[in-house]
Amino acid sequence: MISRINIQTDSDLNWHDTPGIEEVFVSRSGDKHDVEIPVCVITGREPGPTFTIMSGMHAGEYAGILAAHRIIKTINPDELLGRLIVIPVISKRAFYNRSMQLSPADEKEIHFVKPGNPKGTYSDALIDTLFQIVKSSDYLIDMHSGEMVQALYPWVPVPMIGSKEIQEATLALAKGYKVDFLEYRYEIEAIPPLCLALFEAGIINIWVEIGKNGLPSERDISAHHDGLVAALKTVGMLQGDPDRPKQKMLTGKRHQINASESGIWYPKITEGQIVEKGELLGITTDIFGNFLEEYRARTRSFVLYYWTSPAINIERKPHGYDWHSGLVSLLELEED
Ligand SMILES: [Zn+2]
């Protein structure tokens, strides 16, 4: 049976201590917004760390959501030490709207929303409620993919902040993913505010980018799932040696290319490609197909993702967020 817990204040959530699986909706009725988050809590046979796995922050990134289901179906509480909190879909409202990237309620990008403002907009209330659910965690992995209009090459960005011990523990969560690349991020500005807020609360956390164009392919679901299992083994919550697949480190400066005029986008690259300095990335046309502008790489770069939607709108910038004019996200490689 699925139960409901309503939280009103900054109260701790109390989960069952007996081994087993609980499925609950944690809801909060605000002055303006009602939010409700599905939570599966798997309590293991022995005490141990608390680990949160979450997905569906961006509602069209489906591979992570289905990997969360696989975790719920396959983790046996009798084989688990500690507690696993699985949130398959952070915003049901965005998910059932088939929204992309921005919240359908207030057009906020919730990766950039910090907890602490439950009386703000819908996204503020949602993130604060999410924080109440996860705040007792020692570890957290947030699963992302390319959105429905985003062709993305799988990689794991690793926030390298805090003490050496924290950095090592953070990196250890990423080491079990079957991705070609890890990207170390040392600069605070390169880390989403929600991720930083989790670190401030003492939660070792990473977010993972596996999957493209919203497609929940078996390969991407497995890569998410197997990486999670490796992370649970790494922190001792599951028995066995964690996978340590071959990975390379990506270093370079992130550079996003945005359109300077609205129009129709014709990309000429693919995700995972290395483009040389001056190489053509794509062109835009007007709505009749007449050439508007060409976009070229300013240095030798790795294509992390590009937008596959032809519709480019530079006017649409909710809360200053320029997602609708984005063309290509590059990692500028150092010249060797
Ligand atoms: Zn995402």
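Throughout what follows, the structure given in this document is the object of discussion. Worth saying up front: this structure is predicted, and the values here are computed from it rather than measured.

### Notes on the coordination of the zinc ion
Four donors placed tetrahedrally around a metal ideally meet at 109.5 degrees, and six donors placed octahedrally ideally meet at 90 or 180 degrees.
Step number 1: Bound to the zinc ion on the protein side are His 58 (ND1), Glu 61 (OE), Glu 61 (OE) and His 144 (ND1), at distances that span 2.0 to 2.3 Å.
Step number 2: Classification of the site at the zinc ion rests on its 4 donor atoms, whose angles at the metal span 57 to 150 degrees, yielding the label irregular.
Step number 3: Here the donor residues for the zinc ion map to a single chain with the spacing H-x2-E-x82-H.
Step number 4: By relative accessible area, Glu 61 is classed as buried at 2%.

### Considering the sheet that holds strand β18 (residues 311-312)
Step number 1: Read across the open sheet, the 4 strands follow the order β16-β15-β13-β18; overall the sheet is antiparallel. Every interior strand has two partners, whereas the edge strands, β16 (291-296) and β18, have only one.
Step number 2: Bridge count for strand β13 (residues 263-267) against β18 is 2 bridges, and the pairing is antiparallel. By the bridge assignment, Gly 263 is partnered in β18 with Ile 312.

### Details of helix α1 (residues 62-74)
Step number 1: Look at α1: 19 Å from first C-alpha to last across 13 residues, which is about the 18 Å you get at 1.5 Å a residue.
Step number 2: Buried within α1 are the following residues: Tyr 62, Ala 63, Gly 64, Ile 65, Ala 67, Ala 68, Ile 71 and Ile 72.

### So, the packing of α1 against helix α6 (residues 218-234)
Step number 1: Where α1 meets α6, the axes come as close as 8 Å, and the angle between the chain directions of the two elements is 50 degrees. Between α1 and α6, the angle is such that the two are oblique. Of the two possible hands of crossing, α1 and α6 adopt the one that is right-handed. Across from Ala 63, Gly 64, Leu 66, Ala 67, Arg 70, Ile 71 and Thr 74 in α1, the residues of α6 making contact are Glu 218, Asp 220, Ile 221, Ser 222, His 224, His 225, Leu 228 and Val 229.
Step number 2: A breakdown of the residues in the contact of α1 with α6 according to their chemical character gives 7 nonpolar, 5 polar and 3 charged.

### Regarding the pairing of β16
Step number 1: Bridging between strand β15 (residues 280-285) and β16 involves 5 bridges; their strand directions are antiparallel. By the bridge assignment, Thr 284 is partnered in β16 with Glu 293.
Step number 2: Connecting β15 to the antiparallel partner β16 that follows it, the hairpin turn spans 5 residues, and Gly 289 within it adopts a positive phi of roughly 95 degrees.

### Focus on unusual backbone geometry
The phi torsion of most residues other than glycine is negative, and most of the peptide bonds are trans.
Step number 1: For Arg 98, which is not glycine, the phi dihedral falls at a positive 55 degrees.
Step number 2: Mapped onto the fold, Arg 98 is located in the loop between α2 (92-96) and α3 (122-134).
Step number 3: For Asn 213, which is not glycine, the phi dihedral falls at a positive 50 degrees.
Step number 4: Note that Asn 213 resides in the loop between β10 (204-209) and α6.
Step number 5: Asn 213 sits in the buried class, given a relative accessible area of 18%.

### A closer look at the pairing of strand β8 (residues 155-159)
Step number 1: Counting buried positions over the 5 residues of β8 gives 5, a clear majority of the element.
Step number 2: The two faces of β8 match: Trp 155, Pro 157 and Pro 159 on one face and Val 156 and Val 158 on the other face are all buried.
Step number 3: Pairing between β8 and strand β9 (residues 181-185): 5 bridges, direction parallel. Looking at β9, one finds that Trp 155 is bridged to Phe 181.
Step number 4: Chirality of the crossover, the property in question, places the unit of β8, helix α4 (residues 164-174) and β9 among those that are right-handed.

### Brief notes about the side chain of Ser 145
Step number 1: With respect to the element layout, Ser 145 can be found in the loop between β6 (139-144) and β7 (150-152).
Step number 2: Taking the relative accessible area as the measure of exposure, Ser 145 reaches 2% and is therefore buried.
Step number 3: Only 2.8 Å separates the side chain of Ser 145 from the backbone oxygen of Ile 210, close enough to count as a polar contact.
Step number 4: Each residue touching Ser 145, except ones within four places of it in the same chain, is listed here: Glu 61, Ala 63, Gly 64, Gln 150, Leu 152, Glu 209, Ile 210, Gly 211 and His 224.

### Observations regarding the nonpolar core
Where a protein is soluble and globular, its nonpolar side chains tend to be buried together.
Step number 1: Among the nonpolar cores identified, the biggest contains 39 residues, and Phe 51, Leu 84, Ile 141, Val 156, Leu 173 and Tyr 177 are the most heavily contacted of them.
Step number 2: A per-element tally of this core places α6 first, with 6 residues.
Step number 3: Beyond its immediate chain neighbours, meaning those up to four positions away, Val 156 contacts Ala 174, Tyr 177, Val 179, Phe 181, Leu 182, Glu 183, Ile 206, Trp 207 and Val 208.
Step number 4: Of all hydrophobic cores here, the second largest spans 29 residues; its members include Leu 250, Ile 269, Val 303 and Trp 307.

What counts and how
Residues numbered from 1 in each chain as written. Predicted model: local features only at pLDDT ≥ 70, side-chain atom pairs only at ≥ 80, totals over all residues. Heavy atoms only, no water. Donors = N, O, S within 2.8 Å, 3.2 Å for Na, K, Ca; no water. Tetrahedral: all angles 85-135°; square planar, octahedral: opposite > 155°, others 65-115°. Buried < 20%, exposed > 50% of the residue type's maximum accessible area, 1.4 Å probe, protein only. Pairing = 2+ DSSP bridges. Helix = DSSP H or I, 4+ residues; strand = E, 2+ residues; numbered from the N terminus. Expected span 1.5 Å × (residues − 1). Axes fitted to C-alpha atoms, helices over the stretch in contact; angles between N-to-C directions. Parallel < 35°, antiparallel > 145°, perpendicular 65-115°, else oblique. Left-handed = near helix turned anticlockwise from the far one by under 90°. Contact = heavy atoms within 4.5 Å. Nonpolar A, V, L, I, M, F, W, Y, C, P; charged D, E, K, R; others polar. Right-handed = clockwise from strand over helix to strand, strands pointing away. Polar contact = N/O pair within 3.5 Å; in protein donor to acceptor, adjacent residues only side chain to side chain. Core = buried A, V, L, I, M, F, W, Y, C linked by side-chain atoms within 4.5 Å.

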